Amino acid sequence: MNLNYIKPDEWKIVEEEFDKDNVTASESIFSIGNGAMGQRANFEENYGGKSFQGSYIGGIYYPDKTRVGWWKNGYPEYFAKVLNAPNWIGIDVEVKGKALNLDQCKVIEFRRELDMKNGVLERTFLAEMESGDVIKVTSVRFLSMDIHEIGAIRYSLTPINFEGEISFTPYLDAGIMNEDANYDEFFWEILDSKQEVDAAYILSKTLKTDFHVCTGMKVELSLNDFAVEIDKKAETTDTTIRYTYSTEVKSGDTFTLFKYGGYVQSMNHPKGELLNASRSVLEKASEIGFEDLLKSQSRAWGKIWDTADITIEGDIKAQQAIRFNIFQLNQTYSGEDSRLN
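Cut-offs applied
- Residues numbered from 1 in each chain as written.
- Predicted model: local features only at pLDDT ≥ 70, side-chain atom pairs only at ≥ 80, totals over all residues.
- Heavy atoms only, no water.
- Helix = DSSP H or I, 4+ residues; strand = E, 2+ residues; numbered from the N terminus.
- Rg over C-alpha atoms; globule rule 2.2 N^0.38 Å.
- Buried < 20%, exposed > 50% of the residue type's maximum accessible area, 1.4 Å probe, protein only.
- Contact = heavy atoms within 4.5 Å.
- Areas by Shrake-Rupley, 256 points an atom, 1.4 Å probe, with all protein chains shown as cover.
- Lys, Arg positive; Asp, Glu negative; His and termini not counted.
- Charge placed at Lys NZ, Arg CZ, Asp CG, Glu CD.
- Salt bridge = Lys/Arg side-chain N within 4 Å of Asp/Glu carboxyl O.
- Core = buried A, V, L, I, M, F, W, Y, C linked by side-chain atoms within 4.5 Å.
- Pairing = 2+ DSSP bridges.

Peer 1: Where do I start with the overall build of the protein chain in this structure?
Peer 2: Of the regular secondary structure elements, the protein chain holds four helices and 21 strands. Relative to the compact-globule value of 20 Å for 341 residues, the protein chain shows a C-alpha radius of gyration of 20 Å, a close match. Counting only C-alpha atoms and orienting by the principal axes, one finds that the protein chain spans roughly 65 × 55 × 40 Å. Counting all 341 residues of the protein chain, 51% fall into the buried class. Taking the contacts inside the protein chain whose residues are at least 6 apart along the sequence as the reference set, 67% of them involve residues at least 24 apart. In the structure as shown, the protein chain presents an accessible area of about 16,100 Å², 47% of it carried by carbon and sulfur atoms. Averaging the coordinates of the 37 positive side-chain charges in the protein chain and doing the same for the 55 negative ones gives two points 2 Å apart.

Structure follows, in structure tokens:
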């Protein structure tokens, strides 16, 4: 694989153009974690091209039947698969009734960067819809190093040359399968779901291993940096909860959705208390607010780099590479829970 599209930078992994051939590789390279959960760098909005949605919870696994070679000496019949967990990051977007999909838009500008110094993933793009309407989108995402059950997203859209209706549809999707699932096997059983004014929850458990998880989201909105309340349209299926918020915007306005989400699970809470635990941690994140959570994230990573950094002078690519390795080690396992690897 040719990774020359990744730009040299001492502290960041940078991608400066949109190439459909690089999407799945970038989803891996730009992934984020906090020791308790991990997230591939999938787009928040729907993408119609080749993609592999991936969200993972530390310690939750499944005894999956070996796909090939189990009849050979030395091959186990089963192995422990890290499961693709319910998706909490999704935010479908519509512009004047038309779905935003970078697989079908004309992408004018595109930049994605993984800020390893601060533990933050950011993506900015300028795209032209089929109608000729041009939009600017900026998304900022991180998994909190301080509150391990929480991730946060700030997703902003600005119309450049038009006015009209913008719709955000944040959702939870528990109907997730692993891309490498054997025999199309489904690993999760959905137990219950609950809707609240600006929050939603899906309770599920793994088959065989009986790990219980509550996946939650809490939503806030702003228009031109002022908090707004918009009545939602709720839609549910057996596996999803979707809230749609729509507003009229003028050229140059910025409509922003803040989405707090993540997982609480039965390794850390009684199974009967998962809903309350999810509600509590989401309310805590909302009370702190996105900007203060972001500052806290930078402080947490600052403490890690104070003791973990290795500097290489005169070779930016080597400096980038060693910091990428240090970053991956520290975001995969923080050392705080001996049950995780």
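That shown, we press on.
Peer 1: It is not clear to me how the pattern of salt bridges should be interpreted in this structure. Could you clarify?
Peer 2: Should the charged atoms of two oppositely charged side chains come close, the side chains can pair. Per the stated rule, a full pass over the model turns up 19 salt bridges. As a salt-bridge pair, Lys12 and Glu113 come within 3.0 Å of each other at their nearest N and O atoms. Of the two residues, Lys12 is situated in strand β2 (residues 12-15) and Glu113 in strand β10 (residues 106-115); the sequence distance between them amounts to 101 residues. Judged by relative accessible area, which is 25%, Lys12 ranks as partly exposed. Salt bridges here are not isolated pairs; linked through shared partners, they connect Lys12, Glu16, Arg111 and Glu113.

Peer 1: For this particular structure, what's the right way to read the nonpolar core?
Peer 2: Grouped together as the largest cluster of nonpolar side chains are 71 residues, with contacts concentrated most on Leu100, Leu102, Ile135, Tyr155 and Phe168. Ranked by size, the runner-up nonpolar core spans 21 residues in total, among them Phe258, Val264, Val281 and Ala285.

Peer 1: Even after reading the chapter, I still don't get the sheet that holds strand β4 (residues 37-39), so can you show me in this structure?
Peer 2: Paired through their backbone hydrogen bonds, the strands of a sheet run either parallel or antiparallel. Across the sheet, which stays open at both edges, the three strands sit in the order β3-β4-β5 with antiparallel pairing between neighbours. Looking at the sheet topology across the chains shown, the edges are occupied by β3 (32-33) and β5 (55-57). Summarising the sheet, β4 and β5 pair through three bridges and their orientation is antiparallel. Residue pairing in the sheet places Gly38 in a bridge with Tyr56 of β5.

Peer 1: I keep staring at the pairing of β10 and nothing clicks. Help me out?
Peer 2: Two faces make up the sheet, and in a regular strand the side chains alternate between them. Across four bridges, the pairing between β2 and β10 is antiparallel. Bridging from a neighbouring strand, Glu15 pairs with Arg112 of β10. Pairing of β10 with strand β11 (residues 120-128), which is carried by nine bridges, proceeds in the antiparallel orientation. The residue of β11 that forms the bridge with Asp115 is Val120. Counting the residues in the hairpin turn of β10 and β11 gives four residues, including Gly119, whose phi is positive at 70°.

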